[in-house]
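Geometric and topological summary
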Amino acid sequence: MAYIRKVFTGFILVLPLIFSSLIFSESSDYNMPIGVTDVSESIFGLHMLIFWICVVIGVIVFSIMFWSLWKYRKSKGAVAADFDDNFWLEIGWTVAATLVLVWMAVPSTQVMVEAYDDAEGEINILITGHQWKWHYEYLEDEVGFFSNLSTSQEQIDGEVPKGEFYLREVDEPLVIPTNTRVRFLITGNDVIHSWWVPDFAVKQDAIPGFINTAWTNVPEPGIFRGACTELCGIKHAFMPVVVRAVEREEFDAFIAEKVALAEEERMLTSKVWTKDELMARGESFYATNCAACHQANGQGIPPVFPSLVGSQITMFDSNKHIEILMEGVQGSAMAAFGESYSEVDIASVITYTRQAWSNGEKGDGVIVTPQDIVAYKNRIDL
Amino acid sequence: MSTVVESHDHGHHGPAKGLSRWLFTTNHKDIGTLYLWFSFIMLFIGGAMAMVIRAELFQPGLQIVQPEFFNQMTTNHGLIMVFGVIMPAFVGLANWMLPMQIGAPDMALPRLNNLSFWLLPMAFGILISTLFMPEGGPNFGWTFYAPLSTTYAPSTVNFFIFSVHIMGVSSILGSINIITTIFNMRAPGMTLMKMPLFVWSWLITAYLLIAVMPVLAGVVTMMLMDINFGTSFFNAAGGGDPVLFQHVFWFFGHPEVYIMILPAFGIVSHIIETFSRKPIFGYSSMVYAMASIAILSFVVWAHHMFTVGMPLAGELFFMYSTMLIAIPTGVKVFNWVATMFRGSITFETPMLFSIAFVALFTIGGFSGLMLAIVPADFQYHDTYFVVAHFHYVLVPGALFGIIAAAYYWLPKWTGNMYDETLGKLHFWLTFISVNVTFFPMHFVGLAGMPRRYPDYALQFADFNALISVGAFMFGLTQLLFLFIVIKTIRSGKQAKPEVWEGAGDLGLEWTLSSPPPYHSFTVQPQVK
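Throughout, a residue's number is its position along its own chain's written sequence, starting from 1. The naming scheme follows written order: chains are lettered A onward, ligands numbered 1 onward. Restriction of local features to residues with pLDDT of at least 70 applies here, the model being predicted, together with a cutoff of 80 or more for giving and counting side-chain atom pairs; totals for whole chains, interfaces and linings are based on all residues. Heavy atoms from the whole structure form the basis of all side-chain values; hydrogens and water molecules are not counted.

Describing helix α10 (residues 343-355) of chain A
Residues and elements named next belong to chain A. A run of DSSP states H or I qualifies as a helix once it reaches four residues; a run of E qualifies as a strand once it reaches two. Both are numbered from the N-terminal end. Multiply 1.5 Å by the residue count of a helix minus one, and that product is the helix's expected span. For α10, which comprises 13 residues, the first-to-last C-alpha distance of 18 Å matches the rise-based estimate of 18 Å (1.5 Å per residue) to within 8%. A simple rule labels every residue: compare its accessible area, found with a 1.4 Å probe on the protein chains alone, to the largest value its type can have, and call it buried under 20%, exposed over 50%, or partly exposed in between. Counting buried positions along α10 yields 13 of 13 residues, so the element is predominantly enclosed. W357 sits one or two residues past α10 and shows a positive phi near 50°.

Rendered as structure tokens:
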């Protein structure tokens, strides 16, 4: 029994030591990442300072407590003293606590002032949180794109082995130049999201109707991974943030390519599209943007995500179909895609869903072209 | 009045028989028992939900539940633990102990007391029933931020709103009763500054409840209007403000946090003085500390929202005000330690839970202080570091306080001693598993795992597996607690009136027989 007790006590004493030794290692597997920016390094330093102050206070208080528990245990014949107050002691530890807090408050305020700065950046990027993906728009160059999770559903469901960057990889990362002051303007399209990159120590809520600002200045090229940190619905865990910091020249080339691509996209709208071209484009758009909710087989997850197979709208009402894609459905998870995607994308995905899953054979099989979407937009503008 | 009472048959002082005893009871002990059993049942329901969460998080990937159901589990786990376990358990303890501690026969408003309890099963029946509806239950987190909880919510959100309203009414009625009882029914000679600390803690808590429950009712009513009547309080498209929701919610939410801890402060103070055989150190500073915590709780709410984009002055104000709370809280911890210092200490189960309370609650306090530092909070916010923090103050904090109270007063309530060996076994299993569960959460949070994630990146896998193992162990251990409570009710060594050595001088409840008479003090005791 005595032996068991000794082992047990040893275990209890060692457990916190094991745990707390982990935090001393600077490995970001256990501790806050130091990050790559001046601000993230200051914040890490502040975090460790406050942590150590807490450790010291904890060691003092707990030593006195456990020493008292051991020393004044009744089984060793301790007799209780008869005091129950000491005015100066009370004043003393109140003052001491206040002083420690002032000691903490000074560097905290300094770091806060350093981190808080909403002046314009050399590069300004509008970040919009959508259910469940991020949209990035370079305000100076008026180009933008969506950034979707690229981990496959099979990995999530455990049908294939998980990759190294499971749930931390996207189809198209945000690209920013190094050694440049980059300002982020952060907002939400539907619900509140929160854009977080630990290595920059930037976390800002993306709130519909508000534009929050944050900034960073990354010294070294690299890939930095973050996450959405405000509960935003079913796929909250599946909309990671990936930022690629590159040298200025590479960044300029990237932007030039984006601008050219956007121009090409505008040309596509006026082109005459065949059904097969629309179908092919629509199928890949559907897989990236629609299948998460409506499923690859189009059957959705009723009642939250309605089935597209054999529905009145996808079979017989192409006007309503366009309207839903363009405007979204109030009070549901169906977003308005019209503002964020090109006419070609909208037209092709409508055409695809009107043809796929034998909707085409059973319904009217109407082909919707980019020109139809342009016509719809013109009608609405009137 | 007295003639009417005397004309009754005073031969029976016992309760009615059968179900009607519990349905129609106006007796403070019966209602206290109802509250405690209700919260015990809810502990297992909310705990089962935590087990689902931990089972899913045992490995990366989606194995057991889909994210839709996972979100319902996190939401309902939080709501049930906050409103269905911690709060009712404290009200149950108040019902049992306040009249006995202040020398009264019963609560001041017994019929109101019955109503305030029976509203609760209705509220939680409605809430839990939503899980079985086609669209599923609330899935927007226990903090139900708009517009996820309004425009984007399942239609069952209306049931949720109704149930929150009922819970609020129940809490307000209970608080009115407690305040009335404390102010009007104290024994002669018991001045305010002679009241037991548990009574003080509940007086302050009851005022907090009356102040903030209407705010909660207000915010859910605004949601109801937004959802059903076309208003736009929180809808940006209609000129509303989603951040307004968070301000109003946390104006309720932060005092709510102290509602869940202050009564535990009172309980632990009694237990530490009993088993240190030495009166509580710094009684008056304990009272002032609780009052300051309560007052400060109204000016710190936005520390839950440091990332919503406040101006610099706002961030700094809420950082400083939050740091101030560490002062009265620290004073309480110092006072508990000073009470143990030069005492004559024994380690019965309630004392073990109370010592663990002081140690682990303090750890939760430290992480709270770290979270108050705004720039650092940019990294901590909405990660598992926060989950670790509030579970440290709510599980080894509030819940340990409740469990300690149960062991401390169970012999008084039932007249039977609990099984000390089993009690200690329960303590050690709980103590170990609680730390295995919640301590590693600090690490996964710092390393970057956000909260409310049904699936996570691979580098968090080892810690999550460990956390889940701890959680299952913690969950199973509480079945042992249930067994011990039932065993004590049914049998056990006869408890003396003072139950604990030397407790007779510590409070009026220990002057009554064990179990106490049905109408606690029929003759008012005199407090010197």
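Next comes the rest of the account.
Here we look at the pairing of strand β3 (residues 143-147) of chain A
All names here are of chain A. Across the five residues that make up β3, a large majority, four, are buried. Strand pairing follows a simple DSSP-based rule, namely that at least 2 bridges must link the two strands. In this structure, strand β2 (residues 133-138) lies alongside β3, joined through five bridges in antiparallel fashion. Bridged to Y136 within β3 is F145. With antiparallel pairing between neighbouring strands as the criterion, β2 and β3 make up a hairpin whose turn holds four residues, including E142 at a positive phi of roughly 55°.

Considering the side chain of B:T339
All names here are of chain B. Here T339 lies in helix α11 (residues 312-340). The class of T339 is buried, set by a relative accessible area of 0%. Among the polar contacts listed, one links the side chain of T339 to the backbone nitrogen of F281, at a separation of 2.9 Å. Any two residues whose heavy atoms approach within 4.5 Å at even a single point are treated as in contact. Setting aside residues up to four positions removed in sequence, T339 forms contacts with I272, E273, S276, K278, P279, I280 and F281. Polar contact criterion, stated in full: a pair of N or O atoms within 3.5 Å, where within protein one must be able to donate a hydrogen and the other to accept it, and residues adjacent in sequence count only if both atoms are side-chain atoms.

A word on the sheet that holds β2(A)
Residue and element names in this part refer to chain A. Spatially, the five strands line up as an open sheet ordered β3-β2-β1-β5-β8, and their pairing is mixed. Strands with a single pairing partner mark the edges of an open sheet, and in this sheet they are β3 and β8 (212-216). Averaged over all neighbouring strand pairs, the angle between strand axes comes to 25°, with direction disregarded. Relative to β2, strand β1 (residues 123-130) runs antiparallel, the two being bridged by six bridges. Opposite I125, over in β2, you have Y138 as the bridge partner. A fitted line through C-alpha atoms serves as each axis, taken over the contacting stretch for helices, and the angle formed by two N-to-C directions is quoted from 0 to 180°.

Concerning empty space enclosed by the protein
Gaps left between atoms show up when a probe the size of a water molecule is rolled over them. Residue and element names in this part refer to chain B. Points on a 1 Å grid, built from protein atoms alone, make a cavity when a 1.4 Å probe fits but cannot get out and make a pocket when they are open with protein on both sides within 12 Å along at least 5 of 7 lines; residues with an atom within 4 Å of a point are the lining residues. Grid points are joined across faces, edges and corners, and a volume is the space filled by probe spheres set on the points. Tallying each qualifying case throughout the model produces five cavities of 30 Å³ or more. Volume-wise, the largest cavity comes out at about 130 Å³. Lining the largest cavity are 14 residues, and of these M87, P88, V91, S170 and S171 lie nearest its centre. Mapped onto the lining of the largest cavity, the elements with two or more residues apiece are α4 (67-102), α6 (157-184) and α7 (197-228). In terms of residue count, the dominant contributor to the lining of the largest cavity is α6 (six residues).

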